[in-house]
Structure formats: C-alpha cells, structure tokens
Amino acid sequence: IDIATARTETYARPGALPEAKPGLLANDLFRRDFTVNAMAVELFSGRWGQLIDLYDGLKDLKAGLIRILHDNSFIDDATRIWRAIRYEQRLDFVIEPATLRLLKRDIPRLDTISGDRIRHELELALKESAPEKVLRRASDLRVLAKINPRLKGNDWLSERFQAAREYTRPDSPPVPLYLSLLAYPLLAHDIEDMIAFLHLPKTEAQVLQETAELKSVIKLLDKLKLKRSEIFRLLTGYAAAALETNLIAADPPAVRKHIRLFLTKLRYVKSAITGEDLIKLGVPPGPQIKQILQKVLNARLDGKVRSRKGEEELASSWILSCTRHGGC
C-alpha cells in the first residue's frame, strides 16, 4: 500500500520529470495519464466507497476509450504516448479520436525523453501478454521508429513472438529474448545505435550483439550433415538468449535443427579427463594439453568414445603417435 497526500505537478520543461507539491484532490486526479486513471473512492465512513469521478473516467471505461485529460498531456510527458498504446492494446480499447490526433501531433516530443525512460516503456510493452500488438500499433503510428527507423512491428515479428511463447511455455519469454527478436532484422550498426540510445545494460547489449554475430554463422549451419563437433565449435561461447533468438528467427530447417541440438544436448557435453590426467599420462605442460583435450571432447561429441576409459585410451594413442613422430 502506497499512502500519499494529494499532489499537484508542474513541469519545468516538456519531457522533464514533474515537480510535485501538496494540492487538492481535483489537482491530483487531473495529473493522471488518462481519464480511466483519474477516479477515486471516498474513505470517510459517511461516504465510504462512493466514486469520485471528476473527469468522466467511468464513462470512458464503459465505452472502452483511452482519453487524455488536457491538450498538453503528451507535451508534458511524451511517455504517455507509449502508455496510451499499451493500455489500448492490452484492454482492447480505442484511443479516443481527439487524443489520437494529439498523440500524432506530439510524437516528435518523444525526442525530449531520455533513452532510459523510453527503455522502461519498451520493457513494459514487452512484458504484456501479447507485446506484438503493442509494437504493431506503435509501428503503424511511427512511434517505434523513434527508437530506430528500421524497427518494424509486422507479421514476421508477430509470428516470431508467438513462436517464442511456444518455446518458453509455460513461462513467458524473458525481455532480452523479445528484444533481440525485435532487433533481429537490423544491421550491426543499427543495433549499436539502438543499444546506445536505450542505454541497454551490458548483458542485454551482449545478447543483441551476439545475435547479430550468429547471423553470419547461419550459412555454415545450413547443411544437412554436420559433425556434432563442428556444430559445437560454431556455437559454443554464445549467450543462450542469442542462440534461442536465432533458433526462433532463422528460416532454414537445418539451422534450427542444429541450434536446437546444441541447446538441448551438445552444450552440456564434457570430457571426463583433465589436463592433470594428461600430465600423468606423460604429456608435458604446454599448449598441446589444450589441443589434446579438444580432440578428446570432439571424439566424445561425435560418439567415438563414450567413457572415461575410452578417452584415456584415445589420448594415450595420440600421445604415443606424437612421441614416435617427434612431437605433435
């Protein structure tokens, strides 16, 4: 429960965070985003539960309308543009015609909002049950383009978001997965611009960057027959969210098959022997330790060995061969 006195707000400039000071209830309700947010109920015992609706919020609620309270609402705080779209799509409401006209007029005011605040609104949109609806509407209104002109809310994105929900069911897709799917069609420099504008945290930025890097690996994965060790070599080291993005977004069936195999099985494969075991077998410390361990792992990935004993025998045969030929 958040308890606060009634407040009124003033904005030093468009897009600035408001300065609040004590005020009347009418002032407090008038500072809300939309009429459907601007209702209250009496708490005094004599009038307990009576609706206080100074701005016809109940009427708009029943009619399914999103309406701002004054003509400068989007000028004062352009993040309301994102909230208007989000509520409209979540509730299957309609942005009231005069409000929509003012929303379109004030889209340039989004330039007065910091990237951090825009990121917050975008993340809230991506947490909706069907974020593709919000992004399609934002795209149609040219609101999404204020983040990056090449971002699109279209059929392709809707299909990929639905596929993401199937992939993560029964959980909802995490925001970084949705975000990287949204950015998937962008070129690398567009992604860097988007990361900088939104001030994305390091982990989310890394997912977007690695998703773009993986797109160049796709053509190498688009082969029906690849050794498991080759798949492992191509995909190891990338963030799971970047791999999942390409699994959902990539078109070639062979690519999706290989990424799924890596995510479900190959990334968990480990060799049983260690560098210390190789030293005990007679391998001197040095780079050849890493080379032999990689060979052993490849052999296990490809099914050539299935036990610790098999790994040791294979490593011993390589060591013997190297010794006979004066080193590897």
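Residues numbered from 1 in each chain as written. Predicted model: local features only at pLDDT ≥ 70, side-chain atom pairs only at ≥ 80, totals over all residues. Heavy atoms only, no water.

At a closest axis distance of 9 Å, the pairing of helix H4 (residues 79–91) and helix H7 (residues 131–140) adopts a crossing angle of 130°. Taken together, the axes of H4 and H7 are oblique relative to one another. The chirality of how H4 crosses H7 is right-handed. Two secondary-structure elements touch here, H4 through Trp82, Ile85, Arg86, Glu88 and Gln89 and H7 through Lys133, Val134, Leu135, Arg137 and Ala138. (Axes fitted to C-alpha atoms, helices over the stretch in contact; angles between N-to-C directions. Helix = DSSP H or I, 4+ residues; strand = E, 2+ residues; numbered from the N terminus. Parallel < 35°, antiparallel > 145°, perpendicular 65-115°, else oblique. Left-handed = near helix turned anticlockwise from the far one by under 90°. Contact = heavy atoms within 4.5 Å.)

To continue, consider the packing of helix H13 (residues 228–235) against helix H15 (residues 253–264). Relative orientation of the contacting elements H13 and H15 amounts to 85°, with a least axis distance of 10 Å. With respect to their mutual orientation, H13 and H15 come out roughly perpendicular. The segment H13 lies against H15, with Arg228, Ile231, Phe232 and Leu235 engaging His258, Ile259, Leu261 and Phe262. The class makeup of the residues in the contact of H13 with H15 is six nonpolar, one polar and one charged. (Nonpolar A, V, L, I, M, F, W, Y, C, P; charged D, E, K, R; others polar.)

This part takes up the side chain of Ser180. Checked against the element boundaries, Ser180 lands in helix H9 (residues 175–183). A polar side-chain atom of Ser180 sits 3.0 Å from the main-chain carbonyl oxygen of Leu177. (Polar contact = N/O pair within 3.5 Å; in protein donor to acceptor, adjacent residues only side chain to side chain.)

What H7 keeps buried is the set Pro131, Glu132, Val134, Leu135, Ala138 and Ser139. Taken down its axis, H7 places every buried residue within 155° of arc, on the same side. Buried residues belonging to H7 abut H4, helix H6 (115–126), helix H8 (155–168) and H9. Count one or two residues on from H7 and you reach Arg142, which has phi positive near 65°. (Buried < 20%, exposed > 50% of the residue type's maximum accessible area, 1.4 Å probe, protein only. Arc of directions from axis to C-beta.)

Our focus in this paragraph is the layout of surface pockets. Of the pockets and cavities examined, the largest pocket occupies roughly 510 Å³. At the level of elements, helix H1 (25–30) and strand S3 (40–41) are the ones that each hand at least two residues to the lining of the largest pocket. Examining the composition of the lining of the largest pocket, we find that three residues originate from one element, H1, more than from any other. Its residues placed into classes, the lining of the largest pocket shows 10 nonpolar, two polar and six charged. (1 Å grid on protein atoms, 1.4 Å probe; cavity = no way out; pocket = protein on both sides within 12 Å on 5 of 7 lines; lining within 4 Å. Points joined across faces, edges and corners; volume = space filled by probe spheres on them.)

With that settled, the discussion passes to unusual backbone geometry. A cis amide bond links Arg169 with the next residue in sequence, Pro170, at an omega value of 10°. Within the secondary structure, Pro170 is located in the loop between H8 and H9. One non-glycine residue, Asp92, lies in positive phi territory at about 60°. With respect to the helices, strands and loops of the structure, Asp92 is situated in the loop between H4 and strand S6 (94–95). Since its relative accessible area comes to 62%, Asp92 is described here as exposed.

Time to look at empty space enclosed by the protein. Under the definition given, this model contains one cavity of 30 Å³ or more. The volume enclosed by the largest cavity comes to roughly 40 Å³. Forming the boundary of the largest cavity are Ser180, Ala183, Tyr184, Ile191, Leu208, Thr211, Ala212 and Lys215. Elements with a contribution of two residues or more to the lining of the largest cavity: H9 and helix H11 (202–215). Here the lining of the largest cavity takes four residues from H11, the largest share from any one element. Counted by class, the lining of the largest cavity contains five nonpolar, two polar and one charged residues.

Let's shift gears to the environment of His120. Within the fold, His120 resides in helix H6. The exposure class assigned to His120 is partly exposed, which follows from its relative accessible area of 44%. Taking the C-alpha atoms as reference points, His120 and Val143, separated by 23 residues in sequence, lie 15 Å from one another.

These figures capture arrangement, not role.
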